[in-house]
Amino acid sequence: MTVLLDATELQRVVRPQDMLRALRQGFVAALGVQTAPQRVRQSLPTSAGSIAVLLPGLLPDIPAYTVKVNAKFPGSDPAISGVVCLHDLETGELLALLDSAFVTAWRTGLSAALATDLLSPAGARTVGIVGAGAQADMALRGLTRLRTVERLVIHDVDGERAHRMAEVWQRAGLACEVVGSAREVARTCDCIVTATWSRRPLLHRPDVRPGAHITSLGADEPGKAELDAGLLRHARVIVDDLDLAMTAGALGSAGLRREDAAAVLGRVVDGTVPARTDAGQVTVYTPVGLPWQDLALSWAAYEAALRDGVGVGFRFHARPQDEGDA
């Protein structure tokens, strides 16, 4: 039996605190995985979108794997469309089909929340947002469960979207201010999340306060850039995967080397690498996004759906293989 979980059903069964715990455990468990994460990307000929296939996500102690087919359309809402396939690790049986826009926003945003909490100054209670979309919103939802947040400073090229985010979070009790540029956000805040489609740097070294932290989610494909090379060289840079940071992420796009990254986030999560080495240090977390994160969230959601009886069950009826079939 395969379970179909669309965004509405996933919203019923997933809780940020459970997913944060699953992702925290995954960052540590993934350190022992020998299979390198892989991405296959293909441009679509009839639109401004691209299609990316993330090959099997694996983690120790989870008896399943995921394959995600994701199409990205910056002008659409949601901007991501596709499906995550959850398979039994031993038999290959398709256990679930999950909405990839939901899974991607949650795993990206909550992973960002973990990193932002670990790397930001302990007393930072004002958070800057550049790019007021689903991933930044989810990062905030996770971050408010990890530390006290009192105020938001928000910028988006779409001013109406920035004001909509401000209205939502004001109702949640946060003071909010919408400003006109990414630079204004950085000059005000010590804790910043950028989540944009930008292909040119939005922030430079002089824009950023000493001791600040930036989680940059937008540089997840070749050519995308939110932070300039000078800022990255100046900062203590943490990535999710060194190889992908060079081939598809911020380091490669900015012309930096593997050695310019201080560590992968899993080493900060497990405590073997310090988040920062002095109070005035600028830190940056710039992930590409890893297949095991889809697995960690999808498996937790699948177990919750089975427990709560959520989702539409269906069966694939394959034709019995005839003798001599290849």
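- The name an unreviewed UniProt entry assigns to the protein is Putative Ornithine cyclodeaminase 2, from the organism Streptomyces afghaniensis 772.

1. So, the packing of aromatic side chains
- Evaluation of the coordinates by the stated rule reveals three aromatic pairs.
- Centre to centre, the rings of F27 and W292 are 4.9 Å apart; their planes meet at 85°, and the pair counts as edge-to-face. Of the two residues, F27 sits in helix α2 (residues 16-29) while W292 sits in helix α11 (residues 291-308), which places them 265 residues apart along the sequence.
- Given a relative accessible area of 4%, F27 falls into the buried group.
- Relative accessible area serves as the criterion here: at 7%, W292 is assigned to the buried category.

2. Let's talk about helix α3 (residues 100-119)
- Between its first and last C-alpha atoms α3 spans 28 Å; for 20 residues at 1.5 Å apiece the expected length is 28 Å, and the two agree.
- Among the 20 residues that make up α3, 18 are buried, leaving the element largely enclosed by the rest of the structure.

3. As for the packing of α3 against helix α4 (residues 134-143)
- Where α3 contacts α4, the axes come no closer than 7 Å and their chain directions differ by 50°. Judged on the interaxial angle alone, α4 and α3 are oblique. In this structure, α3 crosses over α4, and the sense of that crossing is right-handed. Where α3 abuts α4, its residues T104, A105, W106, T108, G109, L110, A112, A113, T116 and D117 lie against A134, Q135, M138, A139, R141, G142 and L143.
- For the contact of α3 with α4, a count of residues per class yields nine nonpolar, six polar and two charged.

4. Examining the nonpolar core
- In terms of nonpolar packing, the biggest core is built from 72 residues, with L86, L98 and L152 touching the most fellow members.
- The biggest single contributor to this core is α11, with 10 residues.
- Viewed by domain, this core spans two of them, domain 1 (2-104 + 291-322) and domain 2 (122-286), each represented by three or more residues.
- Setting aside residues up to four positions removed in sequence, L98 forms contacts with L5, L10, G82, V83, V84, L86, V103, S298 and A301.
- With 27 residues, the next largest nonpolar core counts V130, V179, V208 and L227 among its residues.

5. Some details on the sheet that holds strand β10 (residues 191-194)
- On the basis of which strands lie adjacent, the open sheet formed by eight strands has the order β9-β8-β7-β10-β12-β16-β14-β15 and parallel pairing. The sheet is open, and its two borders are formed by β9 (175-178) and β15 (261-264), each paired with just one other strand. Across the sheet, the mean angle from the axis of one strand to that of its neighbour is 20°, orientation sign disregarded.
- Sheet analysis places strand β7 (residues 126-130) next to strand β8 (residues 151-155), joined by five bridges and oriented parallel. In the strand pairing of β8, T126 is matched with R151.
- On top of the sheet, α4 reaches β7, β8 and β10; it is set at about 165° to β7, its chief contact.

6. Points about the layout of surface pockets
- What the second largest pocket holds in volume is close to 470 Å³.
- If you trace the second largest pocket, you find 22 residues lining it, with A30, V33, T35, P37 and D241 closest to the centre.
- Those elements that place two or more of their residues in the lining of the second largest pocket are β3 (50-57), α8 (242-247), α10 (265-269) and α11.
- For the lining of the second largest pocket, a count of residues per class yields 13 nonpolar, four polar and five charged.
- Shared between two domains, the lining of the second largest pocket holds at least three residues of each, these being domain 1 (2-104 + 291-322) and domain 2 (122-286).

7. Some words on the packing of α2 against α3
- At a minimum axis distance of 10 Å, the contact between α2 and α3 shows a crossing angle of 75°. Judged on the interaxial angle alone, α3 and α2 are roughly perpendicular. Here P16, M19, L20, L23, R24 and F27 of α2 lie close against α3, whose contacting residues are W106, R107, L110, S111, A113 and L114.
- Of the residues that constitute the contact of α2 with α3, the class distribution is nine nonpolar, one polar and two charged.

8. Some words on the pattern of salt bridges
- Following the criterion strictly, the structure yields 16 salt bridges and no others.
- Residues D18 and R15 are paired through a salt bridge, measuring 2.8 Å at the closest nitrogen-oxygen approach.
- Of the charged contacts, one joins D220 and K224 as a salt bridge, the two residues approaching to 2.8 Å between their closest N and O atoms. Grouping residues by exposure puts D220 and K224 together as buried.
- Counted as one network, the salt bridges with shared partners bring together R15, D18 and R21.

9. Description of the domain arrangement of the protein
- Its domain assignment divides the protein into domain 1 (2-104 + 291-322) and domain 2 (122-286).
- Each of domain 1 and domain 2 was reduced to a C-alpha centroid, and the two centroids are 25 Å apart.
- Listed per partner, the contact involves 17 residues of domain 1 and 18 residues of domain 2.
- Both sides of the domain 1 and domain 2 interface together cover about 1600 Å² of buried area, and 66% of this is carbon and sulfur.
- By the criterion of area lost to domain 2, the three top residues of domain 1 are F27, L31 and R39, representing 30% of everything that side buries.
- Inspection of the region where domain 1 meets domain 2 yields zero salt bridges.
- Remark: the boundary between domain 1 and domain 2 carries zero residue pairs in polar contact (both at pLDDT 80 or more).
- Counting only elements with at least two residues in the side of domain 1 that touches domain 2, the list comes to α2 and β2 (39-43).
- Among the elements that take part in the side of domain 1 that touches domain 2, α2 stands out by supplying six residues, more than any other.
- Of the residues assigned to the side of domain 1 that touches domain 2, the class counts are nine nonpolar, four polar and four charged.

Definitions and limits used
- Residues numbered from 1 in each chain as written.
- Predicted model: local features only at pLDDT ≥ 70, side-chain atom pairs only at ≥ 80, totals over all residues.
- Heavy atoms only, no water.
- Phe/Tyr/Trp six-rings, centres within 6.5 Å; stacked < 30°, edge-to-face > 60°.
- Helix = DSSP H or I, 4+ residues; strand = E, 2+ residues; numbered from the N terminus.
- Buried < 20%, exposed > 50% of the residue type's maximum accessible area, 1.4 Å probe, protein only.
- Expected span 1.5 Å × (residues − 1).
- Axes fitted to C-alpha atoms, helices over the stretch in contact; angles between N-to-C directions.
- Parallel < 35°, antiparallel > 145°, perpendicular 65-115°, else oblique.
- Left-handed = near helix turned anticlockwise from the far one by under 90°.
- Contact = heavy atoms within 4.5 Å.
- Nonpolar A, V, L, I, M, F, W, Y, C, P; charged D, E, K, R; others polar.
- Core = buried A, V, L, I, M, F, W, Y, C linked by side-chain atoms within 4.5 Å.
- Domains from an automatic or database assignment.
- Pairing = 2+ DSSP bridges.
- 1 Å grid on protein atoms, 1.4 Å probe; cavity = no way out; pocket = protein on both sides within 12 Å on 5 of 7 lines; lining within 4 Å.
- Points joined across faces, edges and corners; volume = space filled by probe spheres on them.
- Salt bridge = Lys/Arg side-chain N within 4 Å of Asp/Glu carboxyl O.
- Buried area = accessible area lost by both parts, 1.4 Å probe.
- Polar contact = N/O pair within 3.5 Å; in protein donor to acceptor, adjacent residues only side chain to side chain.

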